[in-house]
Amino acid sequence: MTYVYDFIEGSKDQKDLLGGKGANLAEMTNLGLPVPPGFTISTEACRAYLEHGDLPDGLAREIDSHLEALEKEMGRRLGDPGDPLLVSVRSGAAVSMPGMMETVLNVGLNDQSVRGLAEQSSDERFAMDSYRRLLQMFGATVLGIDSEVFSHALDRLKKDRDTESDTDLGVDDLSELVATYKSAIQEHAGRDFPQDPREQLDLAMRAVFDSWNTERAVLYRRQERIAEGMGTAVNVQAMVFGNRGDDSGSGVAFTRDPASGNQGVYGDYLQNAQGEDVVAGIRNTVSLADMEKVDKKAHDELLGIMEKLEQHYHDMCDIEFTVERGKLWMLQTRVGKRTPEAAFRIGRHMTDEGLIDIDESLRRVTGAQLAQLMFPRFDEKAERTLVATGMNASPGAAVGKAVFDSDTAVEWAERGEDVILVRKETNPDDLRGMVAAKGILTSRGGKTSHAAVVARGMGRTCVCGVEALDVNSKKKRAKVRGGDPIREGDVISIDGTTGEVFLGAVPETDSVVMRYLEGEPLEEDLVQAVDRVMSHADDVRRLRVRANADTPEDAARARRFGAEGIGLCRTEHMFLGERRQLVENLIVAEDEHGQDAALAELLPLQRDDFRGILEAMDGLPVTIRLIDPPLHEFLPDYTELSVKVALEDEADEEDEHDQRLLEAVKRLHEQNPMLGLRGVRLGIVIPGLFKMQVRAILEAAAERIDAGGDPQPEIMIPLVATVTELDLVRGQIAEVAASIEQERGTAVPHKVGTMIELPRAAVTANEIARSAEFFSFGTNDLTQMTWGFSRDDVESSFFSRYLEHGIFQVSPFESLDVDGVGRLVRHAARLGRQANPDLHLGVCGEHGGDPASIHFFDEVGLDYVSCSPFRVPVARLEAGRSALGRPGDATA
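Definitions and cut-offs
Residues numbered from 1 in each chain as written. Predicted model: local features only at pLDDT ≥ 70, side-chain atom pairs only at ≥ 80, totals over all residues. Heavy atoms only, no water. Helix = DSSP H or I, 4+ residues; strand = E, 2+ residues; numbered from the N terminus. Buried < 20%, exposed > 50% of the residue type's maximum accessible area, 1.4 Å probe, protein only. Contact = heavy atoms within 4.5 Å. Lys, Arg positive; Asp, Glu negative; His and termini not counted. Charge placed at Lys NZ, Arg CZ, Asp CG, Glu CD. Pairing = 2+ DSSP bridges. Expected span 1.5 Å × (residues − 1). Bend = angle between axes of the 7 residues up to and from the residue. pLDDT = per-residue confidence, 0-100. Salt bridge = Lys/Arg side-chain N within 4 Å of Asp/Glu carboxyl O. Axes fitted to C-alpha atoms, helices over the stretch in contact; angles between N-to-C directions. Left-handed = near helix turned anticlockwise from the far one by under 90°. Nonpolar A, V, L, I, M, F, W, Y, C, P; charged D, E, K, R; others polar. Core = buried A, V, L, I, M, F, W, Y, C linked by side-chain atoms within 4.5 Å. Phe/Tyr/Trp six-rings, centres within 6.5 Å; stacked < 30°, edge-to-face > 60°. Lys NZ or Arg CZ within 6 Å of the ring centre and 35° of its normal. Patch = residues over 30% accessible without salt bridge, like charges linked within 9 Å, V, L, I, M, F, W, Y side chains within 5 Å. Areas by Shrake-Rupley, 256 points an atom, 1.4 Å probe, with all protein chains shown as cover. Polar contact = N/O pair within 3.5 Å; in protein donor to acceptor, adjacent residues only side chain to side chain. Parallel < 35°, antiparallel > 145°, perpendicular 65-115°, else oblique.

**Q** Account for the overall build of the chain, naming residues and giving values.
**A** A count of helices and strands for the chain gives 36 helices and 33 strands. For the chain, the spread of C-alpha atoms along the three principal axes comes to 105 × 60 × 55 Å. Counting all 892 residues of the chain, 56% fall into the buried class. Contacts in the chain between residues far apart in sequence, at least 24 positions, make up 68% of those at least 6 positions apart. Charge centroids of the chain, computed over 100 positive and 154 negative side chains, lie 2 Å from each other.

This is the structure in structure tokens:
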């Protein structure tokens, strides 16, 4: 196996083998650009090293051979005392991980070769400055010494010399610093700095390999969802020096503005400096325009190369360069990272310029970038007081007065005040308060907690799991660890993008993209860029996009966002609030007559609910899930009710309703209610409940038909495990439909299907499909059932440990577990379609709005995804990208 490749042997298409830096150095070399010669030690060598704990056989010989060729080309030998060749040793993974791994410059210097460098360059100060840089980088990177040991020594020396700039230090000063650094290495590493240049090179290479598994690199990969097993390449390159005086320098440049996407060259240049000085910000840089005044020849050559690179890569390029004694050298290029605004603008501009086509413009933006553009933001320049940080559960920026219960949230919001609902955790009864609030803040829960899921569905900003908050709803305050308490009425600001919580009001900036998506006509350049890409995504995508919506308002908003129907209308929220009493009457009814009376009161209310939703989505399918949660969720708390009944007994004021209610609560109590009497099981045990809901749906649809509308109701039965359950409920639905047809003289068109959210349903999908017109994969519960996780508990208890150990790269509730849950989805889709070729397939879990999951659902042939209204534009965009056959992009 070959492990080492000369720059002239590679190309930009070999990133997996040579890493991004090595592949692009090879590409620039082959373009004839001024690149210092060198070679790349491949990612395969890194993987072998990390797997076996030592360098693979034959690697040392290959390095010797390429080093000898490099020495011959440069006319110098590594570390030669008279005229030394010096090299840089840099990391370079296939996917850009800026600043996460190691670099060592000036390898080859020692006590003898530093004198040779001084003589060869006729600049003793330059030579000593280069040596102290090697000692500093080698000590920190290779020998693991705290970098502050070296920076403090440099700061002390500058203070003693009464200067703030290291360029003011003379030869003697730097010689003293070299001695100090060498002593520090001996003290902290327990060994002398290695004088053998080849040993320096080997140790630096090992350090770069080892840096793949540093804590920061692992964390970065986890955040960016980069595969753990890729490894990094190592690039060994002849040194060029920007620290050789005022006719030398180093810089970083972009062929377009990476922040705004505007056309024109952008960058920084620093005279008499090496590359790390520019990044570290130890001295103020000048712009590329100012560089022209300093060195016009190098400046003009640089601009010509930048244009050539952008034309070659057909993308915005990020470039690192050095000028040595007036000679320009190119050290790196890559497709540059950019903000979401820049990504959309650059795509539009390059399409107009003919550099790329509209397909490529769509490929280069992501749903995550669009989501960032949709939500309001805090002004980063504003003064802010950070008090705590939690989990960024739902993006956006929200400011309001802290309130600690839903009733207060509603009351204050109705009188025109902005509020933030602060709770330990939320439950379905908090929905009114969540609707009224500008944002939700909880001390418990994760990204799939109730607060997070509902907030995302409503487009509310939400921060969850803020452990530094001790929320006391009764006292209407939250203690802040190490700070003053937040009391009811105190103004706070929460950032759902970062998870940060601030005291006081932080100014917000409006999102023009959200205004555009809501239908406001805007002429802004950014809006036009987004509109063009979104229109193209809609043109090319196969996968349809529906919304999860439970109210007419949510349905109307989803339609404005481009939803093509409702994939999940949850009916359980319709039984809360004032209607809870009617549910209680149903549960405590002593006979069928009592149940029928309670259901008769609920019927017109449900019919009104469905009438509004069907009207908002007229002409589009509306999938309505029959009631799913266990009935005990609609009953009072057992302990509170027991106390109430006991007090009534003591006062001789016994309330028969409360007594019967307490008995019902006892009767319905379950050890694990999520696996108990819920979903289809409720419809079988209390058949009148489902019949009432079906009648409400079909009567509402009939009213729309009579009014000239085109309702398209789809009745979905939850938690089905066997076709027999489905058949029993289908019989109830058919009975109600026949009754309505007889009453009005014509049938009400509708479909009947089921959720696939139990593993048994997935593996017997062929049987269930014969009785279903559609499947909707409920991936939230399917994930819970497949992993054996309780979604409300596991994220806060042990998910962080699972992520640390690499058990999974991302929570399976955030992005679909393709290998496990995804296999069930694929299997059920195949079996279902084999049994019923006309079977319609969709997904209505949280994963319906996750970009990576959307690509999977498209690949397995589902017909639609359904997600919260505010994720609909994201899903539309990602469905378009999926149709083009290329998932995410490293520039995102």
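So, next bit.
**Q** Tell me what's going on with the sheet that holds strand β20 (residues 469-472), and back it up with residues and numbers.
**A** Ordered by their spatial adjacency, three strands build an open sheet running β20-β21-β22, and the pairing between neighbours is antiparallel. Pairing within the sheet leaves two strands with one partner each, and these edge strands are β20 and β22 (486-487). Here β20 pairs with strand β21 (residues 477-480) via four bridges, running antiparallel. Within β21, the residue paired with N472 across the bridge is R477.

**Q** Give me the lowdown on unusual backbone geometry, citing residues and values where you can.
**A** Despite not being glycine, D162 shows a phi value in the positive range, around 55°. For D162, the location among the structural elements is in the loop between α6 (147-160) and α7 (171-189). Unlike most non-glycine residues, K476 shows phi in positive territory, near 55°. The residue K476 is located in the loop between β20 and β21 in this model. Using a relative accessible area of 27% as the deciding quantity, one classes K476 as partly exposed.

**Q** Describe the environment of A556, and please don't skip the residues or the numbers.
**A** Position of A556 among the secondary structure elements: in helix α21 (residues 552-560). Under the relative-accessibility criterion, A556 is labelled partly exposed at 28%. Sequence-wise, A556 and A616 are 60 residues apart; in three dimensions their C-alpha atoms are separated by 5.4 Å.

**Q** Provide a residue-level description of helix α23 (residues 592-616), including the pertinent values.
**A** With 25 residues, α23 should reach 36 Å at 1.5 Å per residue; the first-to-last C-alpha distance of 35 Å fits that figure. Within α23, the axis deviates most sharply at L603, by approximately 30°, and proline P604 lies no more than four positions further along. For α23, the complete set of buried residues consists of A598, L599, L602, L603, Q606, R607, D609, F610, G612, I613, L614 and A616. On the buried face of α23, the contacting elements are α21, β27 (566-570), α22 (580-588), β28 (621-625), α27 (687-706) and β29 (712-717).

**Q** Describe the confidence of the model for the chain, listing the residues and the values that go with them.
**A** Put simply, the chain has an average pLDDT of 90, and 96% of its residues get 70 or more. Across residues 887-892, where pLDDT falls below 50, the model places 17 contacts with residues more than four positions away in sequence or in other chains.

**Q** Which residues make up helix α4 (residues 113-121), and what values go with them?
**A** Considered for burial, the residues of α4 that qualify are S113, V114, G116, L117, A118 and S121. In this fold, the buried residues of α4 make contact with β4 (84-85) and α5 (124-141).

**Q** I'd like a description of the pattern of salt bridges, backed by residues and values.
**A** Counted by the stated rule, this structure contains 64 salt bridges. For the salt bridge of E703 with R607, the shortest nitrogen-to-oxygen distance reads 3.8 Å. Remark: R607 occurs in helix α23 and E703 occurs in helix α27; sequence separation between them is 96 residues. Using a relative accessible area of 33% as the deciding quantity, one classes E703 as partly exposed. The closest approach of N and O atoms between D608 and R611, which form a salt bridge, is 2.5 Å. You can see D608 and its partner R611 sitting in helix α23, three residues apart, about one turn around the helix. With a relative accessible area of 40%, D608 lands in the partly exposed category. Through salt bridges with shared partners, a single ionic network connects R607, D608, R611, R695, E699, E703 and E743.

**Q** Got a sec to walk through the sheet that holds strand β26 (residues 544-548)? Specific residues and values, please.
**A** Judged by pairing direction, the barrel is parallel, and its eight strands sit side by side in the order β26-β27-β28-β29-β30-β31-β32-β33 before closing back on the first. If you compare each strand with its neighbour and ignore which way they point, the axes differ by 25° on average. Examined bridge by bridge, β27 and β28 share three bridges and lie parallel to one another. Residue pairing in the sheet places R570 in a bridge with R625 of β28. Here α23 sits on the sheet in contact with β27, β28 and β29, set at roughly 150° to β28. Along the sheet, helix α36 (residues 872-883) contacts β26 and β33 (864-867); its crossing angle with β26, the most-contacted strand, is approximately 160°.

**Q** Give a description of the pairing of strand β18 (residues 439-442) that names residues and reports values.
**A** One face of the sheet, then the other: side chains in a regular strand alternate in exactly this way. With burial as the criterion, each face of β18 is covered, one bearing G439 and L441 and the other bearing I440 and T442. Pairing of strand β17 (residues 419-423) with β18, which is carried by four bridges, proceeds in the parallel orientation. Paired with L421 across the strands is I440, a residue of β18. Judged from the three bridges that link them, β18 and strand β19 (residues 461-464) form a sheet pairing that is parallel. Note on β19: the bridge partner recorded for G439 is T461.

**Q** I'd like to hear about the packing of helix α13 (residues 340-353) against helix α15 (residues 367-374), residue by residue, with values.
**A** Where α13 contacts α15, the axes come no closer than 8 Å and their chain directions differ by 115°. Seen along the crossing, α13 lies across α15 with a hand that is left-handed. For the pair formed by α13 and α15, the contact residues are P340, E341, A343 and F344 on the first element and Q369, L370, Q372 and L373 on the second. Its residues assigned to classes, the contact of α13 with α15 comprises five nonpolar, two polar and one charged.

**Q** Give a detailed account of the nonpolar core, specifying residues and quantitative values.
**A** Soluble globular proteins tend to bury their nonpolar side chains together. F344, V530, I717, F775 and L862 are the most contacted members of the largest nonpolar core, which totals 125 residues. For this core, the element with the highest residue contribution is α27, accounting for ten residues. Sequence-distant contacts of V530, that is, excluding residues within four places in its chain, are made with F344, L370, L373, V513 and Y516. Of all hydrophobic cores here, the second largest spans 57 residues; its members include C46, I63, M137 and V208.

**Q** I'd love a proper account of the packing of aromatic side chains, names of residues and values included.
**A** In total, this model carries 19 aromatic pairs according to the counting rule given. Between Y269 and F321, the ring centres sit 6.0 Å apart and the planes meet at 5°, which makes this aromatic pair stacked. With Y269 in strand β9 (residues 263-271) and F321 in strand β11 (residues 317-324), this residue pair connects regions lying 52 residues apart in the sequence. You'll find Y269 and F321 in the same group, each marked buried. A network of ring pairs unites the aromatic residues W787, F789, F798, F799, Y802, F808 and F813 as a single cluster. Positioned above the aromatic ring of F126 is the side chain of R244, whose terminal nitrogen or guanidinium carbon lies 4.8 Å from the ring centre. One cation-aromatic arrangement involves R546 over Y864; the distance from NZ or CZ to the ring centre is 3.8 Å.

**Q** Kindly report on a nonpolar patch on the surface, identifying the contributing residues and their values.
**A** Nonpolar side chains collect at one region of the surface, where I684, V685 and L728 lie side by side and expose about 260 Å² of accessible area between them. Within the element layout of this structure, L728 appears in helix α28 (residues 723-744). Classification of L728 by relative accessible area gives partly exposed; the value is 48%.

**Q** Could you give an account of the environment of R826, naming the residues involved and the relevant values?
**A** Mapping R826 onto the fold places it in helix α34 (residues 821-835). For R826, a relative accessible area of 37% gives the class partly exposed. On a C-alpha basis, the gap between R826 and A762 in space is 9.0 Å, while along the polypeptide they are 64 residues apart. If near-sequence neighbours (up to four positions away) are discounted, R826 is found in contact with F856, E859 and V860. A distance of 3.0 Å separates polar atoms of two side chains, one belonging to R826 and the other to E859.

**Q** Which residues make up the packing of α23 against α27, and what values do they have?
**A** Where α23 meets α27, the axes come as close as 8 Å, and the angle between the chain directions of the two elements is 45°. Taken together, the axis directions place α23 and α27 in an arrangement best described as oblique. Of the two possible hands of crossing, α23 and α27 adopt the one that is right-handed. Along its contact with α23, which presents L599, L602, L603, Q606, R607, F610, R611, L614 and E615, the element α27 presents G688, L689, M692, Q693, R695, A696, I697, E699, A700, A701, E703 and R704. Its residues assigned to classes, the contact of α23 with α27 shows eleven nonpolar, three polar and seven charged.

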